[in-house]
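Given next are the chains, with one letter for each unit.
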Amino acid sequence: MKIIDRLREDSIHISFEVFPPKTDEGFDKVIAAVDAMAGLNPAFISVTYGAGGGTSKNTAKIASHIKDDLHLLSLAHLTCASSTKEEVRRVIGDLKAHGIENILALRGDIPAGMAFPDADRFRYASELVEEIRKHGDFCIGAACYPEGHVENEHKEDDIRYLKQKVDCGVDFLTTQMFFDNDIHYNFLYRIREAGITVPVLPGIMPITSATQMKRSQELSGTVFPRRFLAMLDRFGGSPAAMKQAGIAYATDQIIDLLANGVKNIHIYTMNKPDVAAAIMGNLSEIIKA
Ligand code: FAD
């Protein structure tokens, strides 16, 4: 089944994300985390590609496990900046051979020191979307950035390029993490005005430690609101308290989104089934209402 068909259903959908192991020895641990998350009945589970230090070769394997053994929808991420066009075509063929129907098409970050652009690589995610479309009937998702992508000085450029990307054949968008919902509502208003009509899944990152907050800020350039910083200041020194506060903060963001009519939400669960379970527990009655 395609994720876009699930998103079009008139009900609430909460999806999760996992990243592949850094080494082959870590594979079973990731599978155990995925299996535990499956019990929480997510709308789908996405598997990153080479992000978070994980290797890309296990993405298809984990996405297949989610689909074939756990009978859930899976979304395989695919990046193109660090691979040649030929390598990317081979991975698309591999995903097709595994029967994976849903791909999140990304450019990926440009590896330090690499000469980019280069004729042998796709330059933007939009080119990857066009390439995937040539290979079959995939449901294609892509990334978007409520606070603007770090490489763009002007938000208008970001939205113009996003519209071009969506017009290449994107079925849905997932946002970069944000910690102030007003930024998301404002972004939604601006992209709808620009004629982008596909479903947008807000990406919610539960921050459960001070280290994770620092890493998230480096990766995304996101702005942390005063309320979040006060929480970190007060509880950052106590891992258990910070974890509980981070789960409560993410829950609060999700409840506000649901209260404002958002139906599809993606949680960056980051191989942490306990965090996913705590948030889903907090929402148990809310998602039924
Ligand atoms: P693009 O859409 O290609 O945009 C990249 C930049 O180019 C933007 O600044 C954009 O505005 C600009 N641009 C686009 N088109 C044009 C044009 N025609 N002319 C000029 N400028 C243009 N990274 C991983 O390595 N693995 C993952 O699994 C992964 N998953 C992610 C999931 C989500 C939901 C998000 C939000 C990010 C993810 N990332 C992942 C990070 C992502 O790869 C980086 O943010 C990357 O820098 C941009 O990827 P993109 O697909 O958004 O690129």
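Definitions and cut-offs
- Residues numbered from 1 in each chain as written.
- Predicted model: local features only at pLDDT ≥ 70, side-chain atom pairs only at ≥ 80, totals over all residues.
- Heavy atoms only, no water.
- Helix = DSSP H or I, 4+ residues; strand = E, 2+ residues; numbered from the N terminus.
- Rg over C-alpha atoms; globule rule 2.2 N^0.38 Å.
- Buried < 20%, exposed > 50% of the residue type's maximum accessible area, 1.4 Å probe, protein only.
- Areas by Shrake-Rupley, 256 points an atom, 1.4 Å probe, with all protein chains shown as cover.
- Lys, Arg positive; Asp, Glu negative; His and termini not counted.
- Charge placed at Lys NZ, Arg CZ, Asp CG, Glu CD.
- Arc of directions from axis to C-beta.
- Contact = heavy atoms within 4.5 Å.
- Core = buried A, V, L, I, M, F, W, Y, C linked by side-chain atoms within 4.5 Å.
- Salt bridge = Lys/Arg side-chain N within 4 Å of Asp/Glu carboxyl O.
- Near = heavy atom within 4 Å.
- Polar contact = N/O pair within 3.5 Å; in protein donor to acceptor, adjacent residues only side chain to side chain.
- Phe/Tyr/Trp six-rings, centres within 6.5 Å; stacked < 30°, edge-to-face > 60°.
- Lys NZ or Arg CZ within 6 Å of the ring centre and 35° of its normal.

(A) Expanded view of the overall build of the chain. Of the regular secondary structure elements, the chain holds 11 helices and eight strands. For 289 residues, the compact-globule estimate of 2.2 N^0.38 gives 19 Å, and the C-alpha radius of gyration of the chain, at 18 Å, lies within 12% of that figure. Sorting the 289 residues of the chain into buried and exposed places 50% on the buried side. Surface summary for the chain: the accessible area is close to 13400 Å², and the carbon and sulfur share equals 51%. Separation of charge centres in the chain, based on 32 positive and 38 negative side chains, amounts to 1 Å.

(B) A look at helix α9 (residues 226–235). Along α9, the positions that sit buried rather than exposed are Phe228, Met231 and Leu232. Burial along α9 is one-sided: seen end-on, the buried residues are contained in an arc of 95 degrees. Facing away from the buried side of α9, by more than 90 degrees, are the exposed residues Arg226, Arg227, Asp233 and Arg234. Taken together, the buried residues of α9 touch α8 (210–220) and α10 (239–259).

(C) Local environment of the nonpolar core. If you look at the biggest cluster of nonpolar residues, it comprises 61 residues, and the most contacted ones within it are Ile62, Leu78, Ile132, Leu173 and Ile254. No other element matches helix α2 (residues 27–38), which puts six residues into this core. For Ile62, the residues in contact, after removing those within four places along its chain, are Val18, Pro20, Pro21, Phe27, Val30, Ile31, Val34 and Val47.

(D) Molecular detail of the pattern of salt bridges. Enumeration according to the criterion identifies 18 salt bridges in this entry. Two residues, Asp137 and Lys2, come together in a salt bridge whose shortest N-O distance is 3.2 Å. Here Lys2 lies in the segment before α1 (3–8) and Asp137 lies in the loop between α5 (125–134) and β5 (139–144), a separation of 135 residues in the sequence. Here the residues in one salt-bridge network are Glu86, Arg89, Glu131 and Lys134, joined through shared partners.

(E) Spotlight on α8. For α8, every residue scored as buried is listed here: Gln212, Met213, Ser216 and Ser220. Looking straight down α8, one finds its buried side chains confined to an arc of 100 degrees; they lie on one side. Exposed and facing more than 90 degrees away from the buried side of α8 are Thr211, Lys214 and Glu218. Contacts made by the buried residues of α8 are with β6 (172–177) and α9. At the exit of α8 stands Gly221, carrying a positive phi of roughly 65 degrees.

(F) Structural context of the site of the ligand. Taken together, the neighbourhood of the ligand is formed by 24 residues, with Asp109, Tyr145, His149, Asn152 and Lys165 sitting nearest. In this structure, Asp158 approaches the ligand through a side-chain N or O atom, which is 3.2 Å from an oxygen atom. The fraction of the free accessible surface of the ligand (990 Å²) that becomes covered by protein chains is 86%. Ranked by the residues each element gives to the shell around the ligand, the list is headed by helix α6 (residues 155–167), at four residues.

(G) Up close: the packing of aromatic side chains. Inspection of the entire model under this criterion finds five aromatic pairs. The interplanar angle of 55 degrees and the centroid separation of 6.4 Å between the aromatic rings of Phe44 and Phe172 together place this pair among those described as tilted. Of this pair, Phe44 sits in the loop between α2 and β2 (45–47) while Phe172 sits in strand β6, and the two are 128 residues apart along the sequence. A single burial state applies to Phe44 and to Phe172, both of which are buried. Three or more aromatic residues joined by ring pairs form one cluster here, namely Phe179, Phe224, Phe228 and Tyr249. For the cation-ring pair, Lys61 lies above Phe27, with the distance from its terminal atom to the ring centre recorded as 4.6 Å. One cation-aromatic arrangement involves Arg160 over Tyr161; the distance from NZ or CZ to the ring centre is 5.0 Å.

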